[in-house]
Amino acid sequence: MIRVINDIDELDSLRDCWEALFEENVNCTPFQSFDYNRISWKRLQKDNSTLFIIVYSYKQEKMPCAIFPFCIDSYHCLRFINEEHSDFQTALITKSAQTNLAMYEEIYDYIKKQSEIDRICLDHLRHDDYLLHYFKQVSIYARLYGTESYSYLPIVANQTDSNFIDSLHHLTAKERNRLKNIEKKAEGLSFKVISIDDYDYPESEVLDLVQKMIRSGIRSETYFTTDLLAFIKDLYLAGVLKIGLIYHGAELGSASFFYQNDKGLSIQWIIIYSDKIYNLQAKLRIINSIYENGGGIFNLGRGTYKYKIQHFRPVIQYLFQNRFHIIRVQMPVIASRHGQVAPGNLRMLVHQLYKLMAALPDKLQVRIISPVVLCRKAYQIVCSSHSSRFGVQ
């Protein structure tokens with residue numbers, strides 16, 4: 001059974017079910033939490049986009065077994081909510097339903113019936129995501145692209161290592177010594193992790209730091225919009241994020257916004273700093289914090305930048321895009337001297353046109369013309385030429 005959430009009031013009624021699914025699903029990250037998605041829609045909803053959250057449940061059960069946090073953008077594309085700022089995206093699905101192909105087929109058939117949706121674009125899917133592998137099977141037009149990546153570091157705490165840097169056994173002695181030299185430069189710096197449980201949001205300090213970052217040219221003013229800054233603040237107040245603060249004396253040098261759960265996972269998200277040296281220092285401080293708390297996984301987030309590889313040599317995994325177009329072209333019947341026949345040659349033409357357009361980058365498709373519109377126009381042109389000879393019924 002499928003239910004679609006289209007407004008914020010309906011979304012609020014789903015909180016308990018959403019949070020239960022979030023706790024059960026090991027593939028979920030903070031970007032799938034209820035508060036993250038609700039605050040995203042409240043603060044960063046784009047013009048002409050509509051909420052389209054799909055809730056799926058078996059007929060015999062009241063509790064949903066899957067929630068797909070979707071929206072429809074101005075290009076008639078079904079996407080995840082706030083894909084721009086979300087490092088990892090997926091649906092919330094119970095373990096028993098993750099491999100249920102019939103569920104994905106039923107959802108896809110439902111989506112096809114929605115005239116306002118022409119495409120499905122599922123971005124930032126991890127390589128082990130069930131949604132990546134099973135949802136792809138519902139359409140022959142699905143295309144996978146591996147255009148981005150993320151990285152992580154396993155942090156193992158044991159008594160044989162003298163400190164957290166020595167615990168990074170995958171690094172050579174020379175690489176560990178380089179990190180130790182960087183850490184020595186932290187003398188005079190103090191670090192603390194804060195959360196809403198103990199500290200109010202340090203708004204004035206964060207805003208001062210943002211202005212320093214803009215003035216130094218590290219980030220542009222257009223990046224730190226009023227809505228984004230309000231979004232970050234709301235996530236902290238909701239308990240979704242913690243902040244790692246580094247001070248040089250009484251002056252704040254960096255604020256690292258990250259997620260940390262009780263299962264040993266830490267994900268660094270956005271970091272604001274006055275000097276690039278604080279970027280590395282913040283990561284070292286968080287690694288040390290994980291080490292002192294018994295170890296875990298430090299996820300460095302989306303984007304395998306050179307400095308991450310150069311200093312930490314983390315494990316790198318690809319992120320995938322699962323994209324396909326919904327074809328709803330009605331096939332005409334052409335009358336020939338041998339009777340009414342299906343125009344197989346036209347079907348082949350449209351199929352080739354679709355393949356050509358699907359091979360283009362997504363942004364280019366949007367700027368030129370969607371494959372759906374192109375196919376329809378091709379049918380109209382070719383069929384009109386046939387109708388003058390045979391007559392189209």
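Residues numbered from 1 in each chain as written. Predicted model: local features only at pLDDT ≥ 70, side-chain atom pairs only at ≥ 80, totals over all residues. Heavy atoms only, no water.

Caption draft 1: Geometry of the overall build of the chain. On a plain count of helices and strands, the chain comes out with 13 helices and 17 strands. With 393 residues in all, the chain has 50% of them scored as buried. Here the analysis covers contacts within the chain between residues at least 6 apart in sequence; of these, 71% occur between residues at least 24 apart. Approximately 19,600 Å² of the chain is accessible, and the part contributed by carbon and sulfur atoms is 50%. (Helix = DSSP H or I, 4+ residues; strand = E, 2+ residues; numbered from the N terminus. Buried < 20%, exposed > 50% of the residue type's maximum accessible area, 1.4 Å probe, protein only. Contact = heavy atoms within 4.5 Å. Areas by Shrake-Rupley, 256 points an atom, 1.4 Å probe, with all protein chains shown as cover.)

Caption draft 2: Examining the packing of aromatic side chains more closely. Here the structure, examined in full by the defined rule, presents 19 aromatic pairs. Relative to Tyr 58, the ring of Tyr 56 has its centre 5.9 Å away and its plane inclined at 85 degrees; by these criteria the two rings are edge-to-face. Take Tyr 56 and Tyr 58: they sit in the same class, and that class is buried. Ring centres of Tyr 318 and Phe 320 lie 6.4 Å apart, and the angle between their planes is 50 degrees; on these two criteria the pair is classed as tilted. Residue class for Phe 320 comes out partly exposed when judged on its relative accessible area of 22%. An aromatic cluster of at least three residues, connected via ring pairs, comprises Phe 31, Tyr 36, Phe 88, Tyr 150, Tyr 152, Phe 231 and Trp 269. (Phe/Tyr/Trp six-rings, centres within 6.5 Å; stacked < 30°, edge-to-face > 60°.)

Caption draft 3: Expanded view of the packing of helix α2 (residues 15-24) against helix α3 (residues 34-44). Across the interface, α2 lies against α3 with an axial gap of 9 Å and an inter-helix angle of 130 degrees. Classed by the angle they form, the pair α2 and α3 counts as oblique. Counted together, Arg 15, Trp 18 and Glu 19 of α2 and Phe 34, Asp 35 and Asn 37 of α3 form the full contact between these two elements. For the contact of α2 with α3, the residue count by class is 2 nonpolar, 1 polar and 3 charged. (Axes fitted to C-alpha atoms, helices over the stretch in contact; angles between N-to-C directions. Parallel < 35°, antiparallel > 145°, perpendicular 65-115°, else oblique. Nonpolar A, V, L, I, M, F, W, Y, C, P; charged D, E, K, R; others polar.)

Caption draft 4: Looking closely at the side chain of Asp 234. By the element assignment, Asp 234 lies in helix α8 (residues 226-237). Given a relative accessible area of 14%, Asp 234 falls into the buried group. Polar contacts involving the side chain of Asp 234 include one to the side chain of Arg 43, which spans 2.7 Å. In this structure, Asp 234 is in contact with Ile 39, Lys 42 and Arg 43, ignoring residues within four places of it in sequence. (Polar contact = N/O pair within 3.5 Å; in protein donor to acceptor, adjacent residues only side chain to side chain.)

Caption draft 5: Representation of the environment of Ile 5 in the model. Residue placement: Ile 5 occurs in strand β1 (residues 2-5). With a relative accessible area of 0%, Ile 5 lands in the buried category. In this structure the C-alpha to C-alpha distance between Ile 5 and Ile 54, which are 49 residues apart in sequence, comes to 6.5 Å. Those residues in contact with Ile 5, other than ones at most four positions away along the chain, are Glu 10, Leu 11, Leu 14, Leu 51, Phe 52, Ile 53 and Val 55.

Caption draft 6: How the structure looks around the sheet that holds strand β10 (residues 189-194). Strand order in the open sheet made by the 11 strands is β2-β5-β6-β8-β15-β9-β14-β13-β12-β11-β10, with mixed pairing throughout. Edge positions in the open sheet fall to β2 (50-51) and β10, since each of these has one partner strand only. Pairing analysis gives 3 bridges linking strand β5 (residues 70-72) to strand β6 (residues 77-80), with the strands arranged antiparallel. Counterpart to Phe 70 in the pairing with β6 is Phe 80. Of the strands in this sheet, β11 (242-248), β12 (251-260) and β13 (265-273) are in contact with helix α7 (residues 203-215), which crosses β12 at around 105 degrees. (Pairing = 2+ DSSP bridges.)

Caption draft 7: Representation of the sheet that holds strand β7 (residues 92-93) within the structure. Strand order in the open sheet formed by 4 strands is β1-β3-β4-β7, and the pairing between neighbours is antiparallel. In this open sheet, the two edge strands, each paired with only one partner strand, are β1 and β7. The sheet contact formed by β1 and strand β3 (residues 53-56) spans 4 bridges and is antiparallel. Counted as the bridge partner of Arg 3 is Val 55 from β3. Set on the sheet, helix α4 (residues 101-112) makes contact with β1, β3, β4 (66-68) and β7; between it and β3 the angle comes to about 140 degrees.

Caption draft 8: Structural context of the environment of Ile 182. Tracing the sequence through the fold places Ile 182 in helix α6 (residues 173-184). Considering only alpha carbons, one finds Ile 182 and Leu 280, 98 residues apart in sequence, at a separation of 8.2 Å. Setting aside residues up to four positions removed in sequence, Ile 182 forms contacts with Leu 280, Gln 281, Leu 284 and His 311.

Caption draft 9: Here's a closer look at α6. With 12 residues, α6 should cover 16 Å at 1.5 Å per step; its first-to-last C-alpha distance of 16 Å lies within 8% of that length. Where α6 is concerned, the buried positions are Glu 175, Arg 176, Leu 179 and Ile 182. Down the axis of α6, the buried set is contained in an arc of 115 degrees. They therefore lie on one face. For α6, exposure combined with an orientation more than 90 degrees from the buried face picks out Lys 174 and Lys 184. Buried residues belonging to α6 abut α9 (277-292) and α10 (306-312). (Expected span 1.5 Å × (residues − 1). Arc of directions from axis to C-beta.)

Caption draft 10: Region of the structure containing α7. With 13 residues, α7 ought to run about 18 Å at 1.5 Å a step, and its terminal C-alpha atoms sit 19 Å apart, in line with that. Buried within α7 we find Val 206, Leu 209, Val 210, Met 213 and Ile 214. Projected down its long axis, α7 carries its buried residues within an arc of 140 degrees, all on one side. α7 presents Ser 204 and Arg 215 as exposed residues on the side facing more than 90 degrees away from its buried surface.

Caption draft 11: Layout of the pattern of salt bridges. Under the definition given, this model contains 18 salt bridges. Here Arg 15 makes a salt bridge to Glu 19, at a shortest N to O gap of 3.0 Å. Note that Arg 15 and Glu 19 are positioned in helix α2 at a spacing of 4 residues, about one turn of the helix. Taking the relative accessible area as the measure of exposure, Arg 15 reaches 29% and is therefore partly exposed. Exposure remark for Glu 19: the relative accessible area of 33% places this residue in the partly exposed category. Arg 15 is the partner of Asp 35 in a salt bridge, and the nearest nitrogen-oxygen pair spans 3.0 Å. Taken together, the positions of Asp 35 in helix α3 and Arg 15 in helix α2 put the pair 20 residues apart, joining distant regions of the chain. (Salt bridge = Lys/Arg side-chain N within 4 Å of Asp/Glu carboxyl O.)

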